[in-house]
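Below, each chain spelled out in residue letters.
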Amino acid sequence: MTVPSAPRDVPRDRRGKRGRRLGPIADGTGAAHRAWLEPLRDAFHGSGLTLDELQARTGWPKSHISELLRAVERYPRWAFVRTVLTVLKPRVSYEAMRLRWVLAARDAGKRTSWIKDCLHEAGGAGARAVAAAGPVPLDYLAFQEMHRPHYARYAAAFLRRPALVEKAVGDVFTLLLLLWHDALASENPERFAWPILRQTVLEHAPKENGRPSLALAAFDTVALDTAPDPVGQVEETMALFRAVAELAPVQRDVVVLLHLCGLEDTQVADELGVSLASVRSTARHARRNLDSVLHPITTAEEGHPRGLDH
């Protein structure tokens, strides 16, 4: 009697067990997501495990595991990813995978509070330290004491309400504590932390045409207090602040820190973790961009272009 062969679309793993082939990564998956997903897939292929066996070892349905490894459906929570990578043991370190997951979550538009909650529920030394309110690293405490006042001033420029400011800044420092090892291992802890602050603040900020609104901050300017024509000054100031909101993120940050928060350029460099020359160069580019929006080049009667310096 002839024994029928196995269907061609049902491959066997290296030990001869039947298993379902893992599909490709979904189209549109970004580089940040792939940074942790590809090492995880490589570990799966190298393990010789089937999805059924991975289900037995992790306790997660194999349909969910397949979706995780193909980047379909929603961005996965860290507890799920952590369980799978603990079994597969990719070549990339646990700490590096966790940081890549965080960066990809931010790239996927996940809120800082969501990321923080995911890291909490997955456990780990950082989460236990926060939950127990036990001793935290002294260098972290020094970082918080040094930067929290300026972080709060930056947040207040967008959020205005003290309770929102406190929550946003609190979320930032909670997440930083959970990632403090990664921050110290980075080239510059200030540069590591600043994008987390920016994203967290903008998550809560009111929007105008898809951009963070600085409209309320316009009413706090000195120019408005001393203007002979307050209505005209409001219109002019609102136009300026709308233009500031349209700037590229780094330019907008520098302008806000310098002109709304009242920081010196050396302080801005310290907060952003960049050189003083970089801050000054960014400020110059921001001024040029604002001038081009607020005072567009006109054509003189003789037909020559006329700009701000004429």
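Cut-offs and rules
- Residues numbered from 1 in each chain as written.
- Predicted model: local features only at pLDDT ≥ 70, side-chain atom pairs only at ≥ 80, totals over all residues.
- Heavy atoms only, no water.
- Axes fitted to C-alpha atoms, helices over the stretch in contact; angles between N-to-C directions.
- Helix = DSSP H or I, 4+ residues; strand = E, 2+ residues; numbered from the N terminus.
- Parallel < 35°, antiparallel > 145°, perpendicular 65-115°, else oblique.
- Left-handed = near helix turned anticlockwise from the far one by under 90°.
- Contact = heavy atoms within 4.5 Å.
- Nonpolar A, V, L, I, M, F, W, Y, C, P; charged D, E, K, R; others polar.

Undergrad: Can you explain the packing of helix α1 (residues 31-47) against helix α5 (residues 94-107)? Please cite residues and give values.
TA: Packing of α1 against α5 leaves a shortest axis separation of 7 Å and a crossing angle of 140°. As the angle between them shows, α1 and α5 are arranged oblique. The element α1 and its partner α5 pack so that their crossing is left-handed. Residue-level inspection shows A32, H33, A35, W36, P39 and L40 of α1 in contact with α5, the latter providing M97, R100, W101, L103, A104 and D107. Split by residue class, the contact of α1 with α5 holds nine nonpolar, one polar and two charged.

Undergrad: Explain the packing of helix α8 (residues 138-159) against helix α15 (residues 265-272) residue by residue, including any values.
TA: In contact at an axis separation of 11 Å, α8 and α15 are set at 110° when each is read in the N-to-C sense. In terms of their interaxial angle, α8 and α15 are classed as roughly perpendicular. Residues M146, H147, H150 and Y151 of α8 lie in contact with α15, whose contacting residues are Q267, D270 and E271. Each residue belonging to the contact of α8 with α15 can be placed in one class, and the counts come to two nonpolar, three polar and two charged.

Undergrad: Mind laying out the side chain of K116, listing which residues take part and the relevant values?
TA: Relative to the elements of secondary structure, K116 occurs in helix α6 (residues 112-122). Apart from residues lying up to four places away in sequence, K116 is in contact with D171, T174, L175 and L178.

The analysis is restricted to geometry; functional conclusions fall outside its scope.
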